[in-house]
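# Architecture at a glance
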Amino acid sequence: MNKDIETRMKELRLTAPSPELKSKVLSNARSVWREEGNGTILHMQFRSVLAIAASLVLFIGIIAILNHTEDRNTRTAMNPYWLKNKISSENIKFLDDMGLGPDYGKVIAGISEIKHMKPFVDRLSEFKL
Amino acid sequence: MPDNMEIFRVIQKKFQDNDPSALELVYEHFGKRLYGYLISMVKSPSDAEEILNELFITVVRKREQIGKAENIRVYLFAIARNLAYEMFRKRTSQKETLSGYAQYLEISEDGGSKWDPEELDAVRKAVDGLPDEQREVVVLKIFERMTFEEISQLMRISQNTVASRYRYALEKLKEQMKGFEYE
């Protein structure tokens, strides 16, 4: 029953747009497409520049860190206290190698700090002990 | 329908290839239909033109999604629908509209039987008198030749709801057209 009215209505159509509308709509859409395309190219170029800049910053950062570390090592090596401790520990190692053990080293190192024992320590030094 | 599917595929391929000639094809295939759907909603030729223009700009911006869309026809009509609703929200005053009658309905070139002006007028009045949600289903089903499934995807309602809205609409139209021997 409903089919008749349905079929009848299918003989109708919705009104069409004016023929001029097509060129207007397409021209606007195309210009947006072009702008978007240019935008995409600019965006891609910007991304490349950004990537290069980021790599450069990273490279400079690594160099700066290495430089800083090297500088700190040099400063530590040049520090007189560090040098003194290093020599002292080398002496202890030497005494250890001589079979005089770490306790002996400690004793000698302790004695060397006492002012009036200095001649005794100097005497030991003569024997390279 | 297979022809349409082939055209849909060609259009989508062009969008995927970032080829602007896709726009021409979209207009050729969907331009009139989208305009007809829009004018049935907004009932103003100038508003329908404005929305169609906006729609094609949206198409350019969403070309990647359109290239991958499951059903390009539903996708385009959904954009049209959203833009029309956006216009309703923004519209503060009633502009020149085709009020009173659904004057956007015309006799198609291949309209088989003769239509006397009185009958055409009566159909226009009857369609115009339908509630918005029923009129939209009628327009999409009868004039845009969409399936219930496509309409349900577009309107985001179940197919059963679409079918019942369509049935109620036809009953109302039949009731309104009593004097013209519709059974």
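Quick note: structure is the one above.
These lines cover the structure that appears in this document, whether it is placed above or below. In this text, all values refer to a predicted model and were calculated from it rather than measured experimentally.

The next thing to look at is the overall build of chain B. Per the secondary structure count, chain B includes nine helices and one strand. Overall, chain B shows an N-to-C arrangement of helices and strands of α-α-α-α-α-β-α-α-α-α. In chain B, of all internal contacts separated by at least 6 residues, the share reaching a separation of at least 24 is 62%.

All names here are of chain B. One can find lysine 141 in helix α7 (residues 132-143). Counting along the chain gives 21 residues from lysine 141 to valine 162, while the straight-line C-alpha distance between them is 9.7 Å. Setting aside its immediate chain neighbours within four residues, lysine 141 contacts Met146, Ile151 and Tyr166.

A separate point is the interface of chain A and chain B. Counting from both sides, the interface comprises 25 residues of chain A and, opposite them, 35 residues of chain B. Counting only elements with at least two residues in the side of chain A that touches chain B, the list comes to α1 (2-9), β1 (12-14) and α2 (19-78) of chain A. With 11 residues, α2 of chain A is the largest single contributor of residues to the side of chain A that touches chain B. Its residues assigned to classes, the side of chain A that touches chain B shows 13 nonpolar, three polar and nine charged. Bridging between β1 of chain A and strand β1 (residues 105-107) of chain B involves three bridges; their strand directions are antiparallel. When the sheet's bridge partners are listed, arginine 13 of chain A is paired in β1 of chain B with glutamate 106 of chain B.

A separate point is helix α2 (residues 21-42) of chain B. Residues and elements named next belong to chain B. Taken as a whole, α2 carries its principal kink of about 55° at phenylalanine 30. Buried residues dominate α2, accounting for 16 of its 22 residues. Downstream of α2 by one or two residues, lysine 43 has phi in the positive range, about 55°.

What follows covers the packing of α2 of chain B against helix α5 (residues 72-90) of chain B. Residues and elements named next belong to chain B. Two elements in contact, α2 and α5, have axes separated by 10 Å at closest approach and are oriented at 30°. One way to sum up the angle between α2 and α5 is to call them roughly parallel. As α2 runs across α5, the sense of the crossing is right-handed. Packed against α2, whose contacting residues are Phe30, Leu34, Tyr37, Leu38, Met41 and Val42, the element α5 presents Leu76, Phe77, Ala80, Ala84 and Met87 at the interface. Residue classes in the contact of α2 with α5 are distributed as 11 nonpolar, no polar and no charged.

Cut-offs and rules
Residues numbered from 1 in each chain as written. Chains lettered and ligands numbered in written order. Predicted model: local features only at pLDDT ≥ 70, side-chain atom pairs only at ≥ 80, totals over all residues. Helix = DSSP H or I, 4+ residues; strand = E, 2+ residues; numbered from the N terminus. Contact = placed C-beta atoms within 7 Å. Nonpolar A, V, L, I, M, F, W, Y, C, P; charged D, E, K, R; others polar. Pairing = 2+ DSSP bridges. Bend = angle between axes of the 7 residues up to and from the residue. Buried ≥ 20, exposed ≤ 12 C-beta atoms within 10 Å, placed from the backbone. Axes fitted to C-alpha atoms, helices over the stretch in contact; angles between N-to-C directions. Parallel < 35°, antiparallel > 145°, perpendicular 65-115°, else oblique. Left-handed = near helix turned anticlockwise from the far one by under 90°.

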